Amino acid sequence: MSKLRGGGVLPPKPDFIQLIKGLLGGFLGILVLSYLSQTTEYPWLMAPFGATCVILFAVPASPLAQPRNVIGGHLLATAVGIITLYTLGNALIVMSLSVGIAIMLMQLLRVVHPPAGANPLVIFLAGQEAVGFDFLFTPVLMGSVALVVIASFINNMGKENRWPIYWYGFTRRK
């Protein structure tokens with residue numbers, strides 16, 4: 001039980017600019033995806049994208065906020081959810097297994113993005129009638145790419161800001 005005691009130091013408070021970037025990024029990210037959903041009549045929005053906005057705009061330097069992780073994590077976890085739903089059925093144990101497999105594969109392929117862990121749940125809760133393989137394209141691929149594009153603008157506001165830290169896994173040379 002002594003391990004659960006904590007005692008660490010809180011992270012520093014964000015400055016005003018970072019708070020505004022969080023507000024603006026989350027607002028624009030969800031607004032753009034909502035608008036695209038309405039105008040194109042394709043689903044561009046899903047609940048895990050709200051959590052993706054938190055990571056992209058509140059902790060943009062995190063490995064979890066890099067484009068490789070955002071796009072790759074969402075695609076991989078969604079593919080796992082769809083494949084397990086269609087091959088193994090819509091049972092609680094299969095849904096649980098698909099989340100575990102998605103986490104394991106995100107770790108293995110180094111595309112961990114925590115909001116993507118919810119994608120198999122979204123798929124299983126919607127069911128085969130509502131989700132097919134086209135779900136990988138919209139909302140998953142198109143929505144995650146749109147959020148990365150918005151993050152590219154928001155997170156690079158100001159001279160000293162450089163985002164992303166990496167795209168494909170190679171670190172940037174100074």
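Source: prediction; values computed, not measured.

(A) Main features of the packing of aromatic side chains. Summed over all chains, the structure comprises 1 aromatic pair. Ring centres of Y86 and F133 lie 5.8 Å apart, and the angle between their planes is 35°; this geometry places the pair in the tilted category. Here Y86 is found in helix 3 (residues 67-88), whereas its partner F133 is found in the loop between helix 5 (119-126) and helix 6 (137-154), with 47 residues between them in sequence.

(B) Spatial organisation of the nonpolar core. One finds L33, L56, F57, I123, F135 and L147 to be the most contacted residues of the largest nonpolar core, which totals 27 residues. For this core, the elements supplying multiple residues, two or more each, are helix 2 (48-58), helix 3, helix 4 (92-108), helix 5 and helix 6. Apart from residues lying up to four places away in sequence, I123 is in contact with T78, G81, I82, L85, V131 and F135. Grouped together as the second largest cluster of nonpolar side chains are 7 residues, L76, A77, V80 and M106 included.

(C) Seen up close, the packing of helix 3 against helix 4. Contact pair helix 3 / helix 4: the axes reach a minimum separation of 9 Å and the direction vectors enclose 145°. Crossing of helix 3 over helix 4 shows right-handed handedness. Judged by residue contacts, G73, L76, A77, V80, G81, T84 and L88 of helix 3 engage V94, S98, I101, A102, L105 and M106 from helix 4.

Conventions we followed
- Residues numbered from 1 in each chain as written.
- Predicted model: local features only at pLDDT ≥ 70, side-chain atom pairs only at ≥ 80, totals over all residues.
- Heavy atoms only, no water.
- Phe/Tyr/Trp six-rings, centres within 6.5 Å; stacked < 30°, edge-to-face > 60°.
- Helix = DSSP H or I, 4+ residues; strand = E, 2+ residues; numbered from the N terminus.
- Core = buried A, V, L, I, M, F, W, Y, C linked by side-chain atoms within 4.5 Å.
- Buried < 20%, exposed > 50% of the residue type's maximum accessible area, 1.4 Å probe, protein only.
- Contact = heavy atoms within 4.5 Å.
- Axes fitted to C-alpha atoms, helices over the stretch in contact; angles between N-to-C directions.
- Left-handed = near helix turned anticlockwise from the far one by under 90°.

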